[in-house]
Amino acid sequence: MVLQLILAKLNSPNVEHYGYVLSCLPCMSEECLKIHEQIELIKNLKLTPDFIINIKCADKDLIQRLSGLKQHTETGQLYNRDQWMREDVFNRKKENEDEEVEDDEEEQDYMSDHNPLYLLELDGNNTPEELHSEDLLRIMSSSRVVAPSFRWRRSLWGRTCPVALKEGMVIPGKPELSVGVSIIGPPQAGKSTLCKLLAQNYSALVLDMDELMQPVLAKVEQERLDKIKEETTQMEEADTDADLRTGWVLDNFPKNLFQMDALQQAGILPDILFCLQDSDGHQVLSRLYEKNKESVDIAVSKRSQDKHSEKEKEALNHNVHESEVETKTADLDTVAEEPEEYPEQFEIDSTAHSDRIKKEALVLPDNWGMGYPDGPKMNDYKLQLQQFESEWEKMRSALTISHSVLEISGKSPEDLLKEMIRIMEKPFKYASCEVSTMDLDEEAEDIEALAELEIAEEGNSNSDTAEEEEEVNTTAMRLLGDTHHFCPVTLKNHNVLWPCTDEIAAKYREKTYYFSSKEAKESFIQNPEQFVAQTEPLKPLALRIFLLGTRGSGKTTQGEWLAQQLGLFHIQFREQLQMLIMAKTNKRVLYADEVESSEEPAEDLEALIKEARGEDKEETGDTSVNREEVVLTDEEKAIKAYLSYGDPLTPHILDMVIAPYWKQEPYMSTGFILEGFPHSPDEVQYMLQQKLFPDIVVTMMVDVMDVQKRLLPTYLEKLRKRGNYRKAQLKLLRDLRKKNQEENISKRRAELMDEKGTKSLKTKFRYNENEEDNEEAEDEDNIEDEIEAMLEEEFPQEEENDDAESEENEAAATERLETEIEERFVTDENNLVTVTELLSEQNIPKVSINASRKLRIVRHQLLHKIQPLLTNRESLFQKCQPISYTLVLKLLLSSYKHHSAFGCWDPIKLYKERDLIQPLQWPLNTTHPLLFHQYIYFFASKENRNTFMLNPLKYLRQPKPNPSLPVKMAVVGPAKSGKTTVAQMFAQKYGLARLSIGGVMRMVLNTQEHTDLAVQMKKHLSQGLVVPDELAIQCLEVALMSTVCSTRGYVLDGFPMTLKQAQLMGSRSIIPMIVVELELDTVEVLKRGLVDKMKPKKPHLMHDSSEILHIRNSCYKQEVEHVRQYFQQQHNNWILLNGLKSKWCIWDSILKEVSISMKYIHSYLERTRRGQAACINRLCITPKELQCRLGEFGLYCPVCLALHYHLVDCSETASLALAAEYRAHYYKMCGSDHLEKFLATPDQFVHPGCPHTLPESHLLPKKLTEIQVKNRFPQQVEMKGFCPVTYLDGKQRYEALVRGNVEYAVEYREKIYIFETKQKQDKFLRLPETYWDQKLPSKVPPLCEAVPLTSLPTLGYLEQGVAVAVIKAMTAVGCLKPKYPFLSIQRSALLYVAYYLKAFNHRSTDYVRRKYKKQLAMFEENCELIPYLSSSMRGNYRPPSERPFDFEFKLIRFLALGDPPGASGVM
């Protein structure tokens, strides 16, 4: 019965929701189920235990506790009665001892299969307060304010009680689940449509009460109410197996106060009621008219026809009356003539009038003014509206549930649905509000309280207090929202980061948001969820940089380099404008103040050159016409004016050039560096209007002298080129003019000569022909002179202008250019200052770079200040808050904030060093805590904390640290080897418990003196006896049950010391993952002992004399051999280190070994948890356990068997580095590649996936030693001793018959085979079926008879037998040149050779070789005494205090060797 009640409780919904603590199973009573059956029952529970807490208590202590106490029935006082009750209970305990041992083993097996991370062991002798420590349970308390600036916040439920919601209709957590809603309203108000939409939105049911009540309309009122309750209850209880309940929506119910009372009596009132209302009634009446249009139109038509028929009769009567009057006043003749005509005309007119009236009466208007015709037919519907409104007023006054009135006029069903959802979810949503004066007052109070809290913190020095004042300021800062200090509305609507201040702020979910304008704040307050993060943090925008600077500051060069380094676009604003007009201008537009005056007449000079060349003016005119045809548009003119004179650009042009970089790809996702914008206040104003903000403004600051140095060489070079070009053009022009003048003079001379009639004379004159006399020559000369004079008058010589004088020299040009550069620099600098001031007013970050320095330094500054913005971009909206340790305690104890997934570990250290064993950051008051969102992180240094604050998401994205396994290790070694130092270093660094066997026994005696274990120990100690190893191991087991040992681990200091202690530890499953031995020779031990002995201020008297150290060292060496062999054979976890090395070297070596072991253990636990194969290296598995859990392939490699059908025996190596576990079985592989294959796909290599099975045991080949082969005599070797592998691989030729070696023998199918080499032996072992059954040919090589070694001469015998060993011994003695004290050199050399031959004789046993190696080492140490003493005893006498600390020891040792017994012993 009790077991059934327990199982029923475990399967109840409450247990599934809250969990359980099971302390009644397994129980000692086996009346219902045996112990193993109870354990199987626990294993098969629907909710298996996550944690197992094993409270251990010794049998005698438990008996004493249960039997020796008696409680008073009235006072409850406990009395001790152990004298008369203990023996009886103890006897009964002995009778059932065997059965309980089996039960305990079953429980131990169940706990050993559990994950060790979630297995806790506690000491039952501790008090309940000690059991419920802070490591196991965390107390949550405090309903007051936890700490200043950390006030309690409103939950998602608002004022709604979550317990009531769970008990009622709403499941905690989501308001859209399992809620009842009622929608009422006048006819045709859209109730059914809204019910369907609302039910569809929340996956609820629609209940139409008219349909539900149709079958029971004729029943009594009580039956009708029962039916309503039954239908509603059925709806509520529908789908009970589902995880969530289904909500319901009542359609147009309740309609009146009576129905509402009925629902209230039945207890099924809806959670909220919506009333649809039409204030003017037009929309409802229009819908009613549309629904009943035919009947209403018929009524309206009939009513219209009746009205028109009445009007027709009245018209006819009126016409008849008028005709009678006219008839009386007319003449008699006229009356006699017209009676026949008038009746016909009247009849025709009256007929046409009546037809027109009927036609008008039958045609109704398509659209009525109010949407419906007004008449008696609509009065009925108006009456229904009035009735509903009166009923609603009655219901409204009596309503006890939440209700809301919705106006339907001018709204669609979708709009009404959104409004209903908003009203329903409003109580469960956070509301935003403006930052009030009360909030500011609270912040001021928090700042003051935090300051007092930090000052009151104890244990801080003055420097610490000064440092934490900064933390106070940081803590008192407001908790900013998801967009940090940027406007969320601008970010959402315009994709721009606009930094704002707290002048315009609002609060949402206890976070403060800053806004760029009041309109943005109002938009946020109305719908805050639209602008905040929902499921993941907001992603920041790409980096946008403004690069500003004067001309010559190097902003273009640096901007291009920085964009290349950061992977951004580099955009030059001025170049973009140049490209827009370059197609028409065909050249760049320079600044107006950069245009040289000498450039202006360049076109005139070209025109003069063309004129001198004689080119047609018409062509020049056509060219000028073509140039004039290029007409610039207004926008292009504006751009040209901006480029030249800096005239402001229109917003249209800026929209075309600037806006795309914020609104188009790929600039939006990549980012850019915009150079040269903004350049003026107008551009800044445009940027503000269009909300085009950068992330940072980089200003290149430079001196005018540096600008002059940079620009002046370029300007001078241009000036030189321009001057040289002008000189060349002028020279060309002069040459052309001179040439043209000469041609014109020649032509004019010819014309003048023709005019003078001296053509013949001219010919004679030129060629000097037919000269007659001197007179004629004189006449001719006169004519020629006259012509030359005329030519000189007509063609005067042009004066050559001295261009060199008019041109300025380089010095003047340099001075002029420097002045111009300085003027331009002042102008640019003034504009830059104005622009940067305007940008600073908008809180845009600004960085100034000193561009006057060297190029590499400037680039380093740029990269150092800008690259973090891109590297830490993902955490732009994240804010971390450094807090003090005192505040951390308050927040954690009250559960206001929580520990992060990193616990007390440093995330930065974990990111840099992914070690499985992390150092303990303890005490926590020495760490540097930080608050990020709802979690607290601890850092080892302020540098690490500051690094984390720059980009927290980067470090939180790393894999979360696995729960660390407890580190279990032991350090052994001789006295003074440093094992205690190493153990203390591990204990202090990683928080391990340092346990020495004396310390744990003292702990039991001091803290648990009432236990049976302490009593037995006192009994031995009081008699002057040593505490037995059994009791010492029990003390160790008690110490290992502490929380520190269970969670962090332990390090055993100098234990175990004997083989018995190691075996007792193994029997109680106390197995360290590694056992480190610090090896140290005797001399070093004595040296360190003497050093320690000379240290002053010893805490107590120590047994540190040389004799005691020598005895302890000798005893240790005797015992450690057995202990080492035990751990190497059983657990393979013995690590041997040289104790002569420094403690840091030893520390690194041990830490490396521990890390390797932890890596294997973590990998094993993780892979086995996922059902995968796992390597079992470093798991301390004993050979017995390995043999018991071997798989179907034994020690043969399953991978070789499956892939190649090779039999590879892996039993030769005892290491488990290539072993793996799969499905609770062990498998050994032959290599690391095969191990990786097995771990990847183990099903391929084990049953049933393996294609081959292991042959039976008698069909497996076995290696044989030479002695085993000899013991098989008279059994003969197969194939007459020839190697079967060599023979078959040699294609069974005669030459392949090679004799085998007895050292490489194999037994297969009860036959013996010997092989040539070990490789051939291994090949046979892999494929025995291939080589075993071979037949030799009839003719085989003859046997080679061995020559007896003793038959050789002496020299031959020595050469063949001991030549190698003797050569090595002689080489060693020649290198060492030993001289033993009190012996001759010859005798010393002979003794050394003898020891050497004995120590390295490979035919001797291991014991003999080790024995003589020790004697050889001692012989070498004694030989070193002579040179040591001779070097130490030189010079004058020195007192003992100035001698070396080991001088006396070696001197005594040297003198002892001179005694005859010592000498004879050495001999």
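All figures in this text were calculated on a predicted structure; none of them were measured in a lab.

S.K.: Describe empty space enclosed by the protein, with residues and values.
M.R.: Scanning the model with the defined rule gives six cavities of 30 Å³ or more in all. In this structure, the second largest cavity spans a volume of roughly 60 Å³. In terms of lining residues, the second largest cavity is bounded by Trp905, Ile917, Gln918, Ser964, Leu965, Val967, Tyr990, Leu992, Thr1047, Arg1048 and Met1158. When grouped by side-chain class, the residues that make up the lining of the second largest cavity number seven nonpolar, three polar and one charged.

S.K.: For the sheet that holds strand E11 (residues 505-508), give the residues involved together with the corresponding values.
M.R.: With antiparallel pairing, three strands are arranged side by side in an open sheet as E10-E11-E12. Two strands close off the open sheet at either side, each with one partner strand: strand E10 (432-434) and strand E12 (511-514). Shown here is a sheet whose adjacent strand axes are inclined to one another by a mean of 30 degrees, direction ignored. Sheet strands in contact with helix H22 (residues 518-526) are E10, E11 and E12, and its direction is about 150 degrees off that of E10.

S.K.: Now, about the nonpolar core: what can you tell me, with residues and values included?
M.R.: Phe515, Phe573, Leu577, Ile658, Trp662 and Leu674 are the most contacted members of the largest nonpolar core, which totals 50 residues. The contact partners of Phe573, leaving out residues within four places of it in the chain, are Tyr642, Leu649, Leu654, Val657, Ile658, Leu674, Glu675, Gly676, Phe677 and Glu683. Ala970, Met1017, Ala1032 and Ile1033 belong to the second largest nonpolar core, which has 36 residues in total.

S.K.: Describe the sheet that holds strand E29 (residues 1225-1228), naming the residues involved and giving the relevant values.
M.R.: In any sheet, the strands associate via hydrogen bonds between backbone groups, in a parallel or an antiparallel arrangement. Reading across the sheet, the three strands line up as E27-E28-E29 and stay open at both edges, with antiparallel pairing between neighbours. Strands at the two margins of the open sheet, each flanked by one partner only, are strand E27 (1174-1175) and E29. Pairing of E27 with strand E28 (residues 1219-1222) involves two bridges; the strand directions are antiparallel. Looking at E28, one finds that Ala1174 is bridged to Glu1221.

S.K.: Run through the side chain of Gln572, naming residues and quoting values.
M.R.: Tracing the backbone through its elements, the reader meets Gln572 in strand E14 (residues 569-572). Looking at Gln572, its side chain comes within polar contact range of the side chain of Thr556, at 3.4 Å.

About the thresholds
Residues numbered from 1 in each chain as written. Predicted model: local features only at pLDDT ≥ 70, side-chain atom pairs only at ≥ 80, totals over all residues. Heavy atoms only, no water. 1 Å grid on protein atoms, 1.4 Å probe; cavity = no way out; pocket = protein on both sides within 12 Å on 5 of 7 lines; lining within 4 Å. Points joined across faces, edges and corners; volume = space filled by probe spheres on them. Nonpolar A, V, L, I, M, F, W, Y, C, P; charged D, E, K, R; others polar. Pairing = 2+ DSSP bridges. Helix = DSSP H or I, 4+ residues; strand = E, 2+ residues; numbered from the N terminus. Axes fitted to C-alpha atoms, helices over the stretch in contact; angles between N-to-C directions. Contact = heavy atoms within 4.5 Å. Core = buried A, V, L, I, M, F, W, Y, C linked by side-chain atoms within 4.5 Å. Buried < 20%, exposed > 50% of the residue type's maximum accessible area, 1.4 Å probe, protein only. Polar contact = N/O pair within 3.5 Å; in protein donor to acceptor, adjacent residues only side chain to side chain.

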